[in-house]
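Structural description and commentary
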Amino acid sequence: MSEIRASLAPVDPVFGTVVPAMVTPMRPDGSVDLDAAQALAEHLVDNGADGLVVTGTTGETSTLTDEENVAMFRAVVEAVGGRAKVVAGTGTNDTNHSLHLSQAAAETGVDGLLLVTPYYNKPPQAGIAAHFRAVADKVDLPIMLYDIPGRSVMPIQAETLLSLAEHPNIVALKDAKGDLQSTTTVLAETDLVVYSGDDGATLPLMSLGAVGVVSVSAHVAPAKYRELVDAANAGDIAAARKAHFELDPVQRAIMTHVQGAVAAKAVLAAQGVIPAATVRLPLVEATSDELSIIRADLAEAGITF
């Protein structure tokens, strides 16, 4: 067991503790709106975020060109670099492509990389480990692994995470696997900094030792996530539980009716935070009926627009 975990010493959060997985604002014609992205980044940081993931899954990275990805990294660093950690989503299901995009991201001044498990290919654990090491060996930035078998099909098994944690550049894990035993093993036996990758699991995972959350719902309630995370990190379980329950309708609104990026953009556009709710195919915008359901959930949390 690592000395840090064994002693229960405070853990350096590395990438912040409230880390919205930023949407990529787009104009009605589908082009990326960098001005809106910078304004959104500033809005989120002003309201409680201390880190941002740029062009991860919620940022529709799979439909962006490399040039658009890199432009987003550069724009967000320019807007909030120094005020919040900027993490570039550079993981794909092609190792060479992931490496190329990661190297390009490093030149923009980002603070780290988010690498998702290679999706669709269904690689074995040896292939998953080799994929991550191929990037970590050649890009000198701290890396957060993203374990989300609901999208990638293949989980990163606990034994694989223990091995990867020995790499000096692999420092964090965004955990959306829903396997508390695996998370417990990782927290007990490595120094990886763990983030909840499932908004509703933030408090349970923080009770085990996670430092915070990489969140979609934080687009519309960053201050409330700040309350939850700060209370949990301070050991104030009553206050953390209160915030956790208050966030329930927010999480239902953003995560259960339509895809998270679609819901977040619909709300942000309706609030006037971003100019348009545009998404790229194969995603489609929320319908008026879907937005009405989302509004009703958010109203339960006192969020009206």
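Residues numbered from 1 in each chain as written. Predicted model: local features only at pLDDT ≥ 70, side-chain atom pairs only at ≥ 80, totals over all residues. Heavy atoms only, no water.

1. Remarks on the sheet that holds strand β2 (residues 51–54)
Strand order in the open sheet made by the eight strands is β1-β8-β7-β6-β5-β4-β3-β2, with parallel pairing throughout. Two strands bound the open sheet, and with one partner strand each, they are β1 (18–20) and β2. Sheet twist, expressed as the average angle between the axes of neighbouring strands with direction ignored, equals 25°. In this sheet, strand β3 (residues 85–89) lies alongside β2 in parallel orientation, the contact comprising four bridges. Note that in β3 the partner of Gly51 across the bridge is Lys85. (Pairing = 2+ DSSP bridges. Helix = DSSP H or I, 4+ residues; strand = E, 2+ residues; numbered from the N terminus. Axes fitted to C-alpha atoms, helices over the stretch in contact; angles between N-to-C directions.)

2. Comments concerning the packing of helix α11 (residues 237–246) against helix α12 (residues 248–255)
Remark: α11 packs on α12, axes separated minimally by 4 Å, with the N-to-C direction vectors making an angle of 40°. Here α12 runs oblique to α11, going by the angle between their axes. Only Asp248, Pro249 and Val250 of α12 make contact with α11, whose side of the interface consists of His244, Phe245 and Glu246. Class assignment of the residues belonging to the contact of α11 with α12 gives a composition of three nonpolar, one polar and two charged. (Parallel < 35°, antiparallel > 145°, perpendicular 65-115°, else oblique. Contact = heavy atoms within 4.5 Å. Nonpolar A, V, L, I, M, F, W, Y, C, P; charged D, E, K, R; others polar.)

3. What to know about unusual backbone geometry
Of all residues except glycine, most have a negative phi; of all peptide bonds, most are trans. Going from Leu281 to Pro282, the amide bond is cis rather than trans, its omega being 20°. Residue placement: Pro282 occurs in the loop between α13 (260–271) and α14 (288–300). Phi is positive for Glu60, close to 55°, though the residue is something other than glycine. The topology assignment puts Glu60 in the loop between β2 and α3 (66–80). Using a relative accessible area of 3% as the deciding quantity, one classes Glu60 as buried. (Buried < 20%, exposed > 50% of the residue type's maximum accessible area, 1.4 Å probe, protein only.)

4. Some remarks on the UniProt feature "binding site: pyruvate" (unreviewed entry) in the protein
Feature annotation in UniProt places "binding site: pyruvate" (unreviewed entry) on Thr58 and Val214, given in this structure's numbering. Judged by maximum C-alpha separation, these annotated positions cover 157 residues in sequence but sit close together in space, the widest gap being only 10.7 Å. For Thr58, the residues in contact, after removing those within four places along its chain, are Ala21, Met22, Val23, Thr24, Val216, His219 and Ala261. Aside from chain neighbours lying at most four places away, what touches Val214 is Val19, Ala21, Val53, Met144, Lys174, Tyr195, Ser196, Gly197 and Asp199. (UniProt positions renumbered as here; feature names shortened; annotations may be inferred.)

5. Quick notes on the packing of helix α2 (residues 34–46) against α3
Between α2 and α3, the shortest axis-to-axis distance is 9 Å and the interhelical angle comes to 45°. What the angle tells us is that α2 and α3 run oblique. Like other packed secondary-structure pairs, α2 and α3 cross with a definite hand, here right-handed. Residue-level contacts link Leu34, Ala37, Gln38, Ala41, Glu42 and Val45 of α2 to Ala71, Met72, Ala75, Val76, Glu78, Ala79 and Val80 of α3. In terms of residue class, the contact of α2 with α3 is built from ten nonpolar, one polar and two charged. (Left-handed = near helix turned anticlockwise from the far one by under 90°.)

6. Digging into the side chain of Ser215
Checked against the element boundaries, Ser215 lands in strand β8 (residues 212–215). Look at Ser215 and you get buried, because its relative accessible area is 0%. Side-chain polar atoms of Ser215 contact the side chain of Asp199, separated by 3.1 Å. Within the structure, Ser215 has its side chain in polar contact with the backbone nitrogen of Ala218 (distance 2.9 Å). (Polar contact = N/O pair within 3.5 Å; in protein donor to acceptor, adjacent residues only side chain to side chain.)

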